[in-house]
Amino acid sequence: MQQTRKEHFALVWRFLKPHVWIFALALLFSMLNTVFSSLTPQVVRTAVDCILGGEPFPAPVQAALAAFPQAAGSPITLLLFAAGALLLVSACSGLSTYMSRMQTAKGSESFVKSLRDALYRHIQRLPYAWHVQHSTGEIIQRCTSDVEVVRNFVANQLLEVFRTVFLVAFSLFIMFSMNWRITLIACCFLPVILLYSGFFYSKIAARFRTADEAEGDLSAAVQENLTGVRVVRAFGREAYEVERFDKKNERFASLWIRLGQMLSAYWGVGDLITGLQILTVICCGVAEAVNGSITLGEFLAFVSYNQSLVWPVRGLGRILSEMSKAGVSIERVSYILRSEPEEDLPGALTPPMDRDIAFHHVSFAYEGQPVLRDISFTIPAGKTFAILGGTGSGKSTMMHLIDRLYDLPHDCGTITIGGVDIARISRPYLRRNIGMVLQEPFLFSRTIRENIAAVRPGASLEEIRAQAGTAHVDEAILEFSEGYDTIVGERGVTLSGGQKQRVAIARTLMQDAPILIFDDSLSAVDAETDAEIRASLHKAKGSATVILISHRVTTLMQADCILVLDGGCVAEMGTHSELLAKNGIYRRIYDIQMSSADRDLLAEGGKDPGGAQTEERGRV
Amino acid sequence: MGHDEQEYTKSFEWASWKKLLPFVRPFRKTILMVLILNLICAMVDIALPLFQRYAIDNFIEAGTVEGLVPFGLVYAAVIAAQALAVILFTRGSMRIEMKLGRDMKRACFVHLQELSLSFYNVTPVGYLLSRIMSDTNRIAGMIAWNLFDILWALFYVLGVFVAMFFLNPGLAAAVVLIVPILSLLTAYFQNRILHWNRRVRKMNSRITSAYNEGIMGARTSKTLVIEEQNSREFETVSGEMKTASVRAARLSAVYIPLVMFFSSLTTAIVLARGGSLVLSDLLLIGTLSAFTSYAVGIFEPIQQIARNIADLLSLQANIERVMGLLEEEPLIRDTPEVIERYGTAFEPKRENWEPIRGSVEFRDVSFRYPDGNEDVLHHFNLKIPAGSTIAIVGETGAGKSTLVNLACRFFEPTEGQVLIDGRDYRERSQLWLHSSIGYVLQSPHLFSGTVMENIRYGRLDATDEEVIAAAKAVSADQVAAKLEHGYESDVGEGGDRLSTGEKQLISFARAVLADPRIFVLDEATSSIDTQTEQLIQQATEKLLHGRTSFLIAHRLSTIRKADLILVVRDGRIVEQGTHEELLRRKGYYRELYQKQFAQEAQQAVIAG
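In this text the structure is predicted, and so the values were computed from the model without any measurement. Each chain carries its own residue numbering, running from 1 in the direction its sequence is written. As a convention, the first chain written is A and the first ligand written is 1, with the rest following in written order. Confidence filtering applies because this is a predicted model: local features only for residues at pLDDT of at least 70, side-chain atom pairs given and counted only at 80 or more, and all residues used for totals across whole chains, interfaces and linings.

Visitor: Please explain the overall build of chain B as it appears in this structure.
Guide: Helix and strand counts for chain B come out as 22 helices and ten strands. For the radius of gyration, the atoms used are the C-alpha atoms, and the globule rule reads 2.2 Å times the number of residues raised to 0.38. For a compact globule of 608 residues, the expected C-alpha radius of gyration is about 25 Å, and chain B comes in at 36 Å, more than 25% above that figure. Seen along its three principal axes, the alpha-carbon backbone of chain B occupies a region of about 125 × 65 × 50 Å. The burial label depends on the number of other C-beta atoms within 10 Å of a residue's C-beta. Counts of 20 or more mean buried, 12 or fewer mean exposed, and intermediate counts mean partly exposed, with C-beta atoms placed from the backbone. A total of 608 residues make up chain B; the buried ones form 44% of that total. Within chain B, contacts between residues separated by at least 24 positions form 79% of all contacts whose residues are at least 6 apart in sequence. Secondary structure counts use DSSP, requiring at least four H or I residues in a row for a helix and at least two E residues in a row for a strand, with both numbered from the N terminus. A residue pair is marked as a contact if its C-beta atoms, positioned from the backbone, fall within 7 Å.

This is how it looks when you write it as structure tokens:
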């Protein structure tokens, strides 16, 4: 516990340290503000006692008045002086409020900016395996809500605690110097108020969470209903859906109503305690004033100091209990920052990449499940190599291993490029030299142009269009009203799966890499376009080594070598005709995908002129 | 949720607010109670400085403590009464907020169940979600709290002025002068603060989506090695956020001390003017102290009024958004006669439903999409006997779903009729038809919950045995067997934990359980490996047996067995016939087919 506290503090300190002077300044001005504000009741007190009540002025005031001998005699002028003093004090305290607020804002925004930047940068550098293990929503929540809690903790709560403690100490000091008996009585209530609100907020925290979760539940239910609207309609389940919604909606409402009952009791009783405290101070003050221990002016000053004390203390109780929650958020944020990022070993190599790629006895397990079992093969440089295999046969894993999205553990074999173990090659260098198109590529919500030029932001439009042309997406892009400047994704146009894949291909081509990997990246494109793209890729690839993964035999058959992966092992390997002759898995899949009956029909149709029936076209 | 942050520029319109009345009406008693309680609170707040005045004038100035005990008791009683009022009114407000929010959410949700699918095609889910959740929450919260805050503050300020004029009209007049200054000041700053806060919120959602992209696109960023570039871009966004936040903070940093200064100015005026009155014995010192309290006390309520009114006016935008949704007309509606006989989607009269056999006929149907400008079907005729299988083929985006949308009555013909079992389907209720349709989508949608629950969605009263039997019929039992808890495994939100192929099999099982007379299958294009695809094909054959089926087919190999193939091109049906007929005819189908299999055909010929 002590240990984690220390860690939490270390994390906050790491980001706070560069801005600590701003915070110190904020605190200083806020203290000044307290001091200035405390002067107001003193001015009122002096006015009431000395100007209206005829008592002698306190020494410092007398000294000040000595500078204006002509005014000292007239009470009206003195009253104007008092009013002027009030304004002066107010101006000073206003100025320090402004300064303190500005410094707080600057400090906390700088703090939170450096925290956000560090998180983003770190997340970018975390290994792919980490990303697979953690859900996006969860990480985003840590980077947004939890960061907000931490910011609130540093910017508001921490400063507020300092501020309140100083305010209480300072006010009590003045009050004690005026009359210790009433101050003591006033003090009796403070711990009660503090504990009352602190205790309440720590008790109610769990209920707040439940109620928030209920809202999340309701929101998720609505979202699911809306995204699944076709299913709901198709099964005629509207009434059932409304019934389910009602339950969640009712639960959300009733949880908050119950929470409201507790809150209202808290507020009411809190008001009562506060009010009684003020009442007690007034009554005691009256008694003291009547027996002459304090003057009327002092009574008034006393009452106003007391009032400026009660509310911050009540707030303090709440803040203290909420601060305990910040620990959880700090932990959630620091969990991300603690995770080990990808780091190149010192002396990482940058060997030539246009060489043979070889797997040597590679085995790989994912979450305890073996995916690849003792695989060995070589992909010759400059050739086109195709891989066929069922879902979960390990094809994509192999590609991830080549790109070092996953690292091979020790004793699990090696992958070499030109004889160099890729584990010794610098990651950025390796990846820059491997152009990989994923099956479900991600496009950033920027313009299409920026997306394609992601690896070379300075590229000219001609270059970009040339690559888009190779990927057969140039025409489709020009059809958008903004052409290449069309924004895609969340804030823009939604591209179809096939368009996305083609844009991703163009983007990868911009890399001009000696190794190209297409991980089933034409799956959403129709067969015709698929063939056209492959043809133009073949022309554009130059001397690059190409690895193709696909389910379509048509896509695979022209490769120089086809590898059939089954259950994590190499089942067959060879050219299309070799594999057909083998009568193995490849042959079976080939036969399923192409019915021989159709081939006959096509052959027959080719000879048959067909004739009259074509007219029907277009009539329907 | 890009739609979330719309600006409101429109002026106040009572018509929009009036639409809230039906929702507020059920709570009029609670509202009245809260109103009265607020009045009581305000009155106590006004009375408190008078107690202090009494204490000064009657005890301290008089030099006696006689009557201090009854004074304390009355004071305590008043505080207790106020505490009670606070408890009751916050309870009331919370009840109003939650129940009002609940009712509005429900109204939106129910209405959304009736809206046509064409509406969903053009409306993002996030947009709807923010209407149902955030907009209603804000409306309810503002009505239940801010409205009463304004009323409380109004009572209070008015009451204070009445009290002050009663105590000393001259001094009161001096204080009144401050009100317009403060109101203008608050209104001015409030506007700007609101504006900047909105900017900050916008930046905040940009930050969130930047994280979202950074995480979702992590793999892509790694393969492209653009991590550094992304980080730098993020720093620009977070820098803008910082600037906006500091700007917003500067406004309050100026506004708050200004208000404080004016508050002191009032106190100063009261002190100078009131003090001289005291000196000339025209004012008791206790009254002066009450005045000072009032002069300080009215500042917060006046600011509150200005702030809340600005907030409340901005509520109009939320109201318009919610009401706009509720006023959205469903494109397809059952006629009153149909509802009379067959019931609504929520209260069906199943006893009057005729059993459905499943023959479908398009009679002279013309159709144009609501957002389109030309007919995609023109006097189209087609008779589909019950039990036959219709395959619809064509390239992506050729408009293959149109016929299905019409047959399922997701859209209605612009002209002509669609007859089910020989009768125009508009003579029956939508639910009647939809209850008899099994629909499996290209990207099948599952609901979060277990495999069992998802399959049972097809028929809610099915027993576990029936669910399992349905799963077995389409090999979905293999999916369940692979999962840790079998049928009781959670499939995750939207079925995320399953692959597309697995989801497809489960949605087949769901359709089997529903045992529909008409079956629609939008075949998956996404890459499912050949083995799973075979399972799916076998399952499809079982499903189709004995039902009228529409297959939107992307793979020609899966539709050879169809009774009729409709070939769609550019939104129109260009050919129809069986696989064999169409191949023999040298038409577009043959062209399509050859494009896909040209190479294999060649090779086969060479090999043969």
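Visitor: So what exactly am I meant to see when it comes to the overall build of chain A here?
Guide: A tally of helices and strands in chain A yields 21 helices and ten strands. Here chain A has a C-alpha radius of gyration of 38 Å; the compact-globule value for 620 residues is 25 Å, and the former is much larger. By its C-alpha atoms, chain A is 125 × 65 × 50 Å across when sized along the principal axes. Expressed as a percentage of its 620 residues, the buried residues of chain A come to 43%.

Visitor: In this structure, what is going on with the sheet that holds strand E2 (residues 369-379) of chain A? I would like to understand it.
Guide: Note on sheets: strands pair through backbone hydrogen bonds, and any given pair is parallel or antiparallel. All names here are of chain A. Strand order in the open sheet made by the four strands is E2-E1-E4-E5, with antiparallel pairing throughout. The open sheet is flanked by E2 and strand E5 (420-421), the only strands paired with a single partner. Against the sheet, helix H11 (residues 395-402) makes contact with strand E1 (357-366), E2 and strand E4 (414-417), and its axis sits at roughly 115° relative to E1, the strand it touches most. Paired strands, as defined in this entry, are two strands with at least two bridges between them according to DSSP. Helix axes are fitted to C-alpha atoms over the stretch in contact, other axes to C-alpha atoms as well, and angles between N-to-C directions run from 0 to 180 degrees.

Visitor: Just to check I follow, could you spell out the confidence of the model for chain B for this structure?
Guide: The predicted structure's coordinates, where accompanied by low pLDDT, should not be read in detail. All names here are of chain B. Each residue carries a pLDDT score, the predictor's confidence in it, ranging from 0 to 100. Averaged over chain B, the pLDDT score is 85; the fraction of residues at 70 or greater is 93%. Of all secondary-structure elements in chain B, the lowest mean pLDDT belongs to helix H22 (residues 588-607), at 54, while helix H2 (residues 21-24) reaches the highest, 95. In the predicted structure, residues 1-9 sits below a pLDDT of 50 and forms 15 contacts with residues beyond four places in sequence or in another chain. Every residue in residues 598-608 is under pLDDT 50, and counting partners more than four places away or in other chains gives seven contacts. Predicted complex metrics record ipTM = 0.83 and pTM = 0.77.

Visitor: Quick question: what am I supposed to make of the domain arrangement of chain A here?
Guide: Many authors give the size of an interface as the accessible area that is lost as the parts come together. Here the limits of each domain have been adopted from an automatic or database domain assignment. The domains assigned to chain A are domain 1 (2-179 + 294-338), domain 2 (351-433 + 515-524 + 543-601) and domain 3 (439-512). On a C-alpha basis, the centroid separation for the pair domain 1 of chain A and domain 3 of chain A is 52 Å.

Visitor: Which parts of the structure should I look at to understand the environment of A:Glu241?
Guide: Inspection of the secondary structure assignment puts A:Glu241 in helix H9 (residues 238-290). C-alpha of A:Glu241 to C-alpha of A:Ser334: the two residues are 93 residues apart in sequence and 40 Å apart in space. Not counting chain neighbours up to four residues away, the residues in contact with A:Glu241 comprise A:Asn225, A:Val232 and B:Gln113.

Visitor: For this particular structure, what's the right way to read the domain arrangement of chain B?
Guide: Residue and element names in this part refer to chain B. Each assigned domain of chain B is listed here: domain 1 (2-327) and domain 2 (335-436 + 559-608). Between domain 1 and domain 2, the C-alpha centre-to-centre distance is 57 Å. Under the grouping applied here, Gly and all other residues not named as nonpolar or charged are polar, the nonpolar ones being Ala, Val, Leu, Ile, Met, Phe, Trp, Tyr, Cys and Pro and the charged ones Asp, Glu, Lys and Arg. Partitioned by chemical class, the residues of the side of domain 1 that touches domain 2 number one nonpolar, two polar and one charged.

Visitor: Quick question: what am I supposed to make of the packing of helix H7 (residues 180-227) of chain A against helix H6 (residues 125-167) of chain B here?
Guide: Packed helices, taken two at a time, are described by the angle between their axes plus the distance between the axes. Closest axis-to-axis distance for the H7(A)/H6(B) pair is 10 Å, and the angle between their directions is 140°. In terms of axis orientation, H7(A) runs oblique to H6(B). Once H7(A) is placed against H6(B), the crossing between them reads as right-handed. In contact with A:Ser219, A:Val222, A:Gln223, A:Leu226 and A:Thr227 of H7(A), H6(B) contributes B:Val125, B:Leu128, B:Leu129, B:Ile132 and B:Met133. Class assignment of the residues belonging to the contact of H7(A) with H6(B) gives a composition of seven nonpolar, three polar and no charged. Should an angle lie under 35 degrees it is considered roughly parallel, over 145 roughly antiparallel, and from 65 to 115 roughly perpendicular; all remaining angles are considered oblique. Note on convention: the crossing is left-handed when the near helix lies turned anticlockwise from the far helix by less than a right angle, right-handed when the turn is clockwise.

Visitor: Honestly, unusual backbone geometry in this entry has me stumped. Any pointers?
Guide: All names here are of chain B. Despite not being glycine, Asp281 shows a phi value in the positive range, around 60°. Turning to its location among the elements, Asp281 is positioned in the loop between helix H10 (227-279) and helix H11 (285-297). Since 7 C-beta atoms lie within 10 Å of it, Asp281 is described here as exposed. Not every positive phi belongs to a glycine, and Asp364 is a case in point at roughly 55°.

Visitor: Teacher, can you tell me more about the nonpolar core here?
Guide: Considering soluble globular proteins, one finds that nonpolar side chains tend to be buried as a cluster. Within the largest apolar cluster, 193 residues are counted, with the highest numbers of intra-cluster contacts made by A:Ala82, B:Leu271, B:Ile392, B:Phe508, B:Ala509 and B:Leu551. Here A:Ala82 is in contact with A:Val43, A:Thr46, A:Ala47, A:Ile51 and B:Leu271, once residues within four sequence places are set aside. Buried Ala, Val, Leu, Ile, Met, Phe, Trp, Tyr and Cys residues whose C-beta atoms connect them within 7 Å together make up a nonpolar core. Of all hydrophobic cores here, the second largest spans 73 residues; its members include A:Phe364, A:Leu372, A:Phe385 and A:Tyr586.

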